Amino acid sequence: ANIMKSIIKLSLILALFVSFSAEAAGRKQITQTFDASNLETVAFQISVAEVEIEVYDGDEIQLDIEIEADRNWLSLRRGDVDDVELEVRERDSTLRLSIEEDNIDQHWRIKLPAKLAVDFEMGVGDVRIEDFSNSMDMELGVGAIRVETKDVDYRSIHLSAGVGDTSIRGFENRSDQERSFISSDSYYNGDGELTMDIELGVGDIEVRAR
C-alpha cells in the first residue's frame, strides 16, 4: 500500500512538472533596446497583436514583447513558442522589426523616440499610440486604432475604414468625413509638414490632437 501511495505521489508530481513546463514553453518575453540616433523610420510587421506605443524625447527604441501560444482545442494546452524570434533588419536609415507567426498572441509595449516616422503593417489587433508627433503610414486588417498626437500639426491626414468608423478631432483646421452604409473616410489638411495615412479593413480609427 505504501509503495502504491508513493507511486501515485510521484505520478502527480511528474504530471504537475510536465504541465508547468508545457505552460512555460507556451509563453515567452522578448526585451530589446535599439539605438535610434542614426534612424529616420521604424517599420513594424506583425501578424496578430495588441500594441501600445509611447513616444518620448530620446534616442532608443525600447521593446517589451509578451508572446503566448494559442491553446490546443483538443488538449487545452498551449503550443510551444521557444522558436519564435524577433526579426530585425536595418537598411537606409530604416529599422524593420517583425514577428509574423500565426497562432500566437502578442502584446507589444514600445517606447519610441519622437524623431522617428512609423511604417506599420498588422493583420489583426488593437493599436494605441500616445504623444505621437511624426509621419505615419499604417495598414491594419481587423481591429481598432487610436492615435493621440501632441504639439504638432499635419499637412494631411487620411483615415479609411472599409467597415467601421473614422474620426479626426482636436486639430486647428476643420476635418471632413465621408460615410457610406458601412465604410468611412476622414480627411484633414493643416499647416504642418507631416502626413498620416491609416487604412483599416474592419474596425474603428480615431486620431485626436491633445
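Because the structure is a prediction, the values reported are computed rather than measured. (Residues numbered from 1 in each chain as written. Predicted model: local features only at pLDDT ≥ 70, side-chain atom pairs only at ≥ 80, totals over all residues. Heavy atoms only, no water.)

Thoughts on the packing of aromatic side chains
Counted only if it meets this: We call Phe, Tyr and Trp rings a pair once their centres come within 6.5 Å, taking the six-membered ring for Trp, and we label the pair stacked below 30 degrees between planes, edge-to-face above 60, and tilted otherwise. Numbering of helices and strands starts at the N terminus; helices are DSSP runs of H or I of at least 4 residues and strands are runs of E of at least 2. Two conditions define a charge located above a ring, namely a distance within 6 Å from the ring centre to NZ of Lys or CZ of Arg, and an angle within 35 degrees of the ring normal.
Counted under the stated rule, the structure contains four aromatic pairs. Ring geometry for Phe44 against Trp108: centres 6.0 Å apart, planes inclined by 90 degrees, an arrangement best described as edge-to-face. Residue Phe44 is located in strand 2 (residues 41–56), and its partner Trp108 is located in strand 6 (residues 104–113); the two are separated by 64 residues in the primary sequence. A centroid spacing of 4.9 Å and a plane angle of 35 degrees characterise the contact between Phe171 and Tyr188, whose relative ring orientation is tilted. A residue pair is termed long-range when its members are at least 10 positions apart, and Phe171 in the loop between strand 9 (154–169) and strand 10 (175–179) and Tyr188 in strand 11 (residues 184–189) qualify at 17 residues. Put simply, the rings of Phe44, Trp108 and Phe120 touch in pairs and so form one group of aromatic residues. We note Lys111 situated over the ring of Tyr56; from NZ or CZ to the ring centre the distance is 4.6 Å.

Observations concerning the environment of Ser175
Spelled out, the test is: Accessible area is worked out with a 1.4 Å probe on protein chains only. A residue is then buried under 20% of its type maximum, exposed over 50%, and partly exposed in between. Pairs of N or O atoms within 3.5 Å make up the polar contacts considered here, provided that, within protein, one atom can donate a hydrogen while the other can accept it, and that residues adjacent in sequence are counted only when both atoms are side-chain atoms.
Among the structural elements, Ser175 can be located in strand 10. On the accessibility criterion, Ser175 (25% relative accessible area) is partly exposed. Residues Ser175 and Asn189, 14 residues apart in the sequence, show an inter-C-alpha distance of 7.3 Å. Within the local environment of Ser175, its side chain forms a polar contact with the backbone oxygen of Ile168, the two atoms lying 3.2 Å apart.

Quick look at unusual backbone geometry
Even without being glycine, Ser93 reaches a positive phi, approximately 65 degrees. Considering the arrangement of structural elements, one finds Ser93 in the loop between strand 4 (87–91) and strand 5 (94–99). Take Ser93: its relative accessible area is 24%, and that puts it in the partly exposed class.

A few points about a nonpolar patch on the surface
Filter applied, for reference: The patches reported here contain residues having more than 30% relative accessible area and no salt bridge. Joining distances are 9 Å for like charges and 5 Å for nonpolar side chains (Val, Leu, Ile, Met, Phe, Trp, Tyr). Every accessible area reported is derived by Shrake-Rupley at a probe size of 1.4 Å, with residue values counting cover from the shown protein chains alone. Salt bridges are defined as contacts in which a side-chain nitrogen from Lys or Arg sits within 4 Å of a carboxyl oxygen from Asp or Glu.
A contiguous nonpolar patch, built from Val48, Val124, Val142, Val163, Phe181, Ile182 and Val202 and spanning about 600 Å² of accessible area, is present on the exposed surface. Locating Val142 in the fold gives a position in strand 8 (residues 136–149). Its relative accessible area of 39% is what places Val142 among the partly exposed residues.

Section: a negative patch on the surface
Condition: Positive charges come from Lys and Arg, negative ones from Asp and Glu, while His and the chain ends are left out of the count. Throughout, a charge is located at the NZ atom of Lys, the CZ atom of Arg, the CG atom of Asp or the CD atom of Glu.
There is a patch of like negative charges on the surface, built from Asp82, Asp83, Glu87, Glu100, Glu101, Asp102, Asp119, Glu121, Asp137, Glu139 and Glu199. Elements with a minimum of two residues in the negative patch: strand 7 (117–132) and strand 8. Looking at where Asp102 falls in the secondary structure, it is placed in the loop between strand 5 and strand 6.

Details of the nonpolar core
Note the following rule: Remark: nonpolar core denotes a set of buried residues (Ala, Val, Leu, Ile, Met, Phe, Trp, Tyr, Cys) joined through side-chain atoms within 4.5 Å. Note on contacts: a residue pair qualifies if any of its non-hydrogen atoms lie within 4.5 Å across the two residues.
By size, the foremost hydrophobic cluster in this structure holds 52 residues, and its most contacted members are Val51, Ile61, Trp108, Phe120 and Ile198. Setting aside anything within four residues of it in sequence, one finds Ile198 in contact with Met136, Met138, Ile145, Val147, His158, Leu159, Ser160, Ile205 and Val207.

Topic: the side chain of His107
Here His107 is to be found in strand 6. On the basis of relative accessibility, which here comes to 15%, the residue His107 falls in the buried class. Among the polar contacts listed, one links the side chain of His107 to the side chain of Glu52, at a separation of 2.7 Å.

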